[in-house]
Amino acid sequence: MSGAAANPRSMPARTAPKKPLQFNWSDPRFRNIVWQVLIVGTLALILWFLVSNTQRNLAARNVTTGFTFLGQTAAMPIGEHLIPYESAVNTWGRALLVGILNTLKVAIVGVFFATIWGTLVGVARLSKNWLIAKLAATYVEVLRDVPLLLQLFLWYALIQSLPVPRDAFKPAADGTVPLGILHPLPGVFLSNRGLQVPVLEWETAHWAALAAFVIGIVGTVAWSRAAKRRQEETGVRPKVWPVALGLLVGLPLAAWAAMGAPFTLEMPVAGRFNLTGGALLVSPEFGALTFGLTIYTAAYIAEIVRSGILAVPTGQWEAAGALGLRPGRVLRQVVLPQAMRVIIPPMTSQYLNLTKNSSLAVGIGYQDVTSVANTTMNQTGQNIEGIALLMAVYLIISLGISFYMNRYNARKALVER
Amino acid sequence: MSELTTTTRAGAGVSEAAGEPVPSVAGTAAVPIIRNAPAGAGLGPVGWARANLFNSWWSSAVTLLLAYFLVKWTLGFLGWGVLNAVWSVPETAAGAMDPERCRAAQGAGACWAMIGDKYRFTLFGRYPYDEQWRPAVVVALFLGLYAISAMRRFWRKELVLIWAATLTVIGLLMWGGVLGMTYVPQDNWGGLPLTLILSTFGLALGFPLAILVALGRRSTNMPAVRLICVVYVELIRGVPLITVLFMASVMFPLFMPEGFNPDKLLRAQIAFILFAAAYLAEVVRGGLQALPKGQYEAADAMGMSYWKKTGLIVLPQALRLVIPPLVNTFIGFFKDTSLVIIIGLFDLLGAGKNAVNDPIWQAYSTEMYLFLGAIYFAFCFVMARYSRGLEQEFSRTVRR
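Here, residues in each chain are numbered from 1, in the same order as that chain's written sequence. Just so you know, chain letters begin at A and ligand numbers begin at 1, following the order they were written in. A pLDDT threshold of at least 70 governs which residues receive local features in this predicted model, and a stricter bar of 80 or more applies before side-chain atom pairs are shown or counted, although totals over entire chains, interfaces and linings include all residues.

**Re the overall build of chain B**
Going along the chain from the N terminus, every DSSP run of H or I of four or more residues is numbered as a helix, and every run of E of two or more is numbered as a strand. When you go through chain B residue by residue, the secondary structure sums to 16 helices and zero strands. Field definition: a residue is buried when 20 or more other C-beta atoms are found within 10 Å of its C-beta, exposed when 12 or fewer are, and partly exposed for counts in between, with C-beta atoms placed from the backbone. In chain B, which comprises 400 residues, the proportion classed as buried is 40%.

**Digging into the overall build of chain A**
Across its full length, chain A holds 13 helices and seven strands. Per-residue burial for chain A yields a buried fraction of 35% across its 417 residues. Think of it this way: build a C-beta for each residue from its backbone, and any pair within 7 Å is a contact. Nonlocal contacts in chain A, meaning residues at least 24 apart in sequence, comprise 68% of its contacts between residues at least 6 apart.

**Re the sheet that holds strand S2 (residues 194-197) of chain A**
Residue and element names in this part refer to chain A. Taken in spatial order, the three strands make up an open sheet running S1-S2-S7, and their pairing is antiparallel. One side of each edge strand has no neighbouring strand; the edge strands of this open sheet are strand S1 (189-191) and strand S7 (279-282). Put simply, the sheet's adjacent strands are angled 35 degrees from each other on average, direction ignored. Where S2 and S7 come together, three bridges link them in antiparallel fashion. Across the sheet, the residue bridging to Gln196 is Leu280, located in S7. Strands pair, by our definition, only if DSSP identifies at least two bridges between them. Note on geometry: axes are lines fitted to C-alpha atoms, helical ones only across the stretch in contact, with angles between N-to-C directions running from 0 to 180 degrees.

**Some words on the nonpolar core**
In plain words, the nonpolar core is the set of buried Ala, Val, Leu, Ile, Met, Phe, Trp, Tyr and Cys residues that C-beta atoms within 7 Å link up. Core analysis: the largest hydrophobic core is formed by 162 residues, its most contacted members being A:Leu152, B:Leu245 and B:Val284. With 15 residues, helix H11 (residues 264-290) of chain B is the single largest residue contributor to this core. Residues contacting B:Val284, with those up to four places away along its chain left out, are B:Ala210, B:Ile211, B:Ala214, B:Ala318 and B:Val322.

**Thoughts on the domain arrangement of chain A**
Note: interface size is frequently given as the accessible area lost on complex formation between the parts. Here chain A is described as being made up of domain 1 (92-162 + 279-412) and domain 2 (204-258). Throughout the structure description, domain borders are defined by an automatic or database domain assignment. Here the C-alpha centroids of domain 1 of chain A and domain 2 of chain A sit 31 Å apart.

**A word on the interface of chain A and chain B**
If you look at the interface, chain A gives 74 residues, while chain B gives 68 residues. Per-element tally for the side of chain A that touches chain B: the top contributor is helix H13 (residues 383-412) of chain A, with 13 residues. When residues are sorted by character, Ala, Val, Leu, Ile, Met, Phe, Trp, Tyr, Cys and Pro go into the nonpolar class, Asp, Glu, Lys and Arg into the charged class, and all the rest, Gly among them, into the polar class. Broken down by class, the residue content of the side of chain A that touches chain B amounts to 43 nonpolar, 25 polar and six charged.

**What to know about the packing of helix H4 (residues 148-160) of chain A against helix H8 (residues 284-310) of chain A**
All names here are of chain A. Direction vectors running N to C along H4 and H8 enclose 135 degrees, while the axes themselves pass 9 Å from each other. On the basis of the axis angle, H4 is oblique to H8. Along this stretch, H4 crosses H8, giving a crossing that reads as right-handed. Contact with H4, carried on its side by Leu148, Gln151, Leu152, Trp155, Tyr156, Ile159 and Gln160, involves Pro284, Gly287, Ala288, Leu289, Phe291, Gly292 and Tyr296 of H8 and no other residues of that element. Residues that form the contact of H4 with H8 fall into these classes: 10 nonpolar, four polar and no charged. Roughly parallel covers angles under 35 degrees, roughly antiparallel covers those over 145, roughly perpendicular covers 65 to 115, and oblique covers all other angles. The handedness criterion is simple: a crossing whose near helix is rotated anticlockwise from the far helix by less than a right angle is left-handed, and one whose near helix is rotated clockwise is right-handed.

**As for helix H5 (residues 113-124) of chain B**
All names here are of chain B. When you tally the buried positions in H5, you get nine out of 12 residues, the bulk of the element. All buried positions along H5 are accounted for by Ala113, Met114, Ile115, Asp117, Lys118, Phe121, Thr122, Leu123 and Phe124. Two residues or fewer past H5, Gly125 is found with a positive phi of approximately 60 degrees.

**Notes on the packing of helix H6 (residues 204-234) of chain A against helix H7 (residues 241-258) of chain A**
Residue and element names in this part refer to chain A. Relative orientation of the contacting elements H6 and H7 amounts to 165 degrees, with a least axis distance of 8 Å. Classified by the interaxial angle, the pair formed by H6 and H7 is roughly antiparallel. For the crossing formed where H6 meets H7, the hand is right-handed. In this structure, H6 uses Ala205, Ala208, Ala209, Ala212, Phe213, Ile215, Gly216, Ile217, Gly219, Thr220 and Trp223 to contact H7, whose residues at the interface are Val243, Ala244, Leu247, Leu248, Leu251, Pro252, Ala255 and Trp256.

**Let's talk about the pairing of S2(A)**
Side-chain positions along a regular strand alternate between the two faces of the sheet. Residue and element names in this part refer to chain A. Where S1 meets S2, three bridges bridge the pair, whose relative direction is antiparallel. Residue pairing for S2: Leu190 is matched across the bridge by Leu195. Following S1, the chain reverses through two residues before pairing antiparallel with S2.

**Looking at helix H13 (residues 306-321) of chain B**
Maximal helix bending in H13(B) amounts to about 45 degrees, located at B:Val314; proline B:Pro316 follows within four positions. Of the residues making up H13(B), those classed as buried are B:Lys309, B:Thr310, B:Val314 and B:Ala318. Across the chain, bend at a residue is computed as the angle between axes fitted to the seven residues ending at that point and the seven starting from it.

**So, the environment of A:Gln350**
Position of A:Gln350 relative to the elements: it lies in helix H10 (residues 327-357). Expressed as a C-alpha distance, the spacing of A:Gln350 and A:Pro238, which sit 112 residues apart in the sequence, is 38 Å.

**Points about the environment of A:Thr290**
Residue and element names in this part refer to chain A. Structurally, Thr290 is set in helix H8. Separated by 182 residues in sequence, Thr290 and Ile108 place their C-alpha atoms 9.7 Å apart. With near-sequence residues (within four places) excluded, Thr290 lies in contact with Val106, Val109 and Gly110.

**Comments concerning the confidence of the model for chain B**
Residue and element names in this part refer to chain B. With 88% of its residues at a pLDDT of 70 or more, chain B shows a mean pLDDT of 80. Within chain B, the element-level pLDDT minimum falls on helix H1 (residues 2-18), averaging 36, and the maximum on helix H8 (residues 192-218), averaging 91. Scored between 0 and 100, pLDDT is the confidence that the predictor attaches to each residue. Contacts of residues 1-35 to residues separated by more than four positions or lying in other chains number 83 contacts, the stretch itself having pLDDT below 50. For this predicted complex, the interface score ipTM comes out at 0.83, alongside a pTM of 0.83.

**Some points on the environment of B:Ser219**
Tracing the backbone through its elements, the reader meets B:Ser219 in the loop between H8 and helix H9 (223-238). For the pair B:Ser219 and B:Gly76, spaced 143 residues apart in sequence, the C-alpha to C-alpha distance is 59 Å.

**A short note on the confidence of the model for chain A**
Residues with a pLDDT of 70 or more make up 89% of chain A, whose mean pLDDT is 83. Counting contacts from residues 1-8 of chain A, a segment whose pLDDT is below 50, to residues more than four positions away or on other chains yields 18 contacts.

Structure, rendered in structure tokens:
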């Protein structure tokens, strides 16, 4: 570790001709090798000590190591699952997969809303309006100074203190259910069981509409590329939005209408204690977790957006203003694109934090991968495998997010001569 | 994994920049006067309001709308939390609390009587009731220790001795068994002292490790050491703290030789030290990188050995550079100690949550969470303010 030794790759011109390694304490290279051997050897010894202890302990407890338990039938009910799952029918492996999907669901929804809300708060903090700026600053300060887990407990407690389903449905004298905060739209009900919404009875026509929508997306992308090419060639940009509207809305509507326009909603109905029919769009656990993660992470994102905007030189605002652009346009088209370069790297780490923080789900009973793995470990005793799987899942998700964000960053980065 | 590092390190940089003070009217969407005097300065209250609240019809509309909700909600909260709140409840014949008055006020008023009944349990957990003056003194000692460490005139070598002495006294008070104090096993520790112990020991022991890891990660001619440090840091930072805590609680017993089974608190403490070290190492590394190369080269030219150079030239400057982000990491870490509730320890949050499990108080968890939130907020807010002040001071001295 004698830092003086120059790195031969970075300074090839100045390195002296390579001397043979001397087995002598005065040769820095020899010293480095001895030290490294010592350090690595000590760590290896400690590791061997831990591993041998573990083996002895496992043998004493009659635990068989290995991942075969993943193929055994799971004994764990999971309330929310994106893929079909049934306790005592499906395997532990599938249970973990359900958990992973639940984690991804929270992460994606949370990142989406936290980005929007955080950007709004960040811009609000820079507002010229004193009240808006102060409110945004207070929001950021309070949310950042209280532990996330405590916030999640609070949101969950508040959701649980909502009225029971029966009361959300309280019918008026004429038998209809009056609209209110708990019942904002016909068929939509908010109660301590979550947010219940009507579902569409799915028919062939809806598949056709969906297919038309996918075609519409492809068409819109192609058209906007063509428009961009045209703009680069002639300086005139053909309008994109009418075509997009036609392809994305018109085409699916036409497909749906051509197939007879079937439209039946299955409404939630009040049972004695619960709601039947319709679908549970937001369960209390998912709602509390996503809401808590969103507003907590948004406080950090707001600070990132604010410092990103402040990093754009004032001259950019002034120049854009001198060109006659309106303030909103200056922000959207001149300042934010430049601020993005400063914003993206720290934003990535906030996305990673949100994903990692979603593991707090275990505290309020949402069955994400941490919670499922925890139950799996308790029930099968496969602690080492469970922890290893859990860590692998988070590392893969983290690497995936940072890989994607780095690519995005590379595209947005300033290309210099 | 190196990608992961670069992005996260930049994140620390920004949260640092984010703490930068912004003049009361900073750059805005409309007119970005970034470092000018506040708009409407010297115009009197009416002029100020016209410049800052009603400078356009759109701004006026937003001001009025926000003011309406602000007043409405503030009044609502005051009504719930103060006017209609229940501050105390009578005792039943059996000596238990009778929550009838809280039940009557439910929905309209807060039940602070529950805090009155449960604050001792929340603050000190299951520590024997008659001995709770000891954890109270411990909390006071911790606060004194923090206050002294925050004062720059105490930033010298003796501070380490003060820390060592105070932490020893804290240990003696918590465990007891000497000077006529009864012995209290770790299983009964809880509440605020536990939170402070976990975070303080985590940082105090994690910090030296962090410095070693940061140095190892920067070393150019010991590739094996560097690799070990990189893997350690990225592994810990890539997974949530909960998984590290799970590992400590379920795997640690397997790692140990038979018969040696450290208790939950020690296991959690070790997990925290390892976790803190990985995060602090990245902050320290930022400081090492920010130090001009000339400093390293000058020290080498003086013929200093590696440890002399590091201890006398590099670290004093590098650590000074990263004090503000270090404090920010401390804040995050202090909040993160609340996660030990998941492995069954009664820290402040754990004790509070347990207190509202009491059947008679079950319906009033909101009040408890607000109470706990206020305590956490007080700690973090003071630290954040302190970090911001330091940052300002440092940026002044650097700019000169």
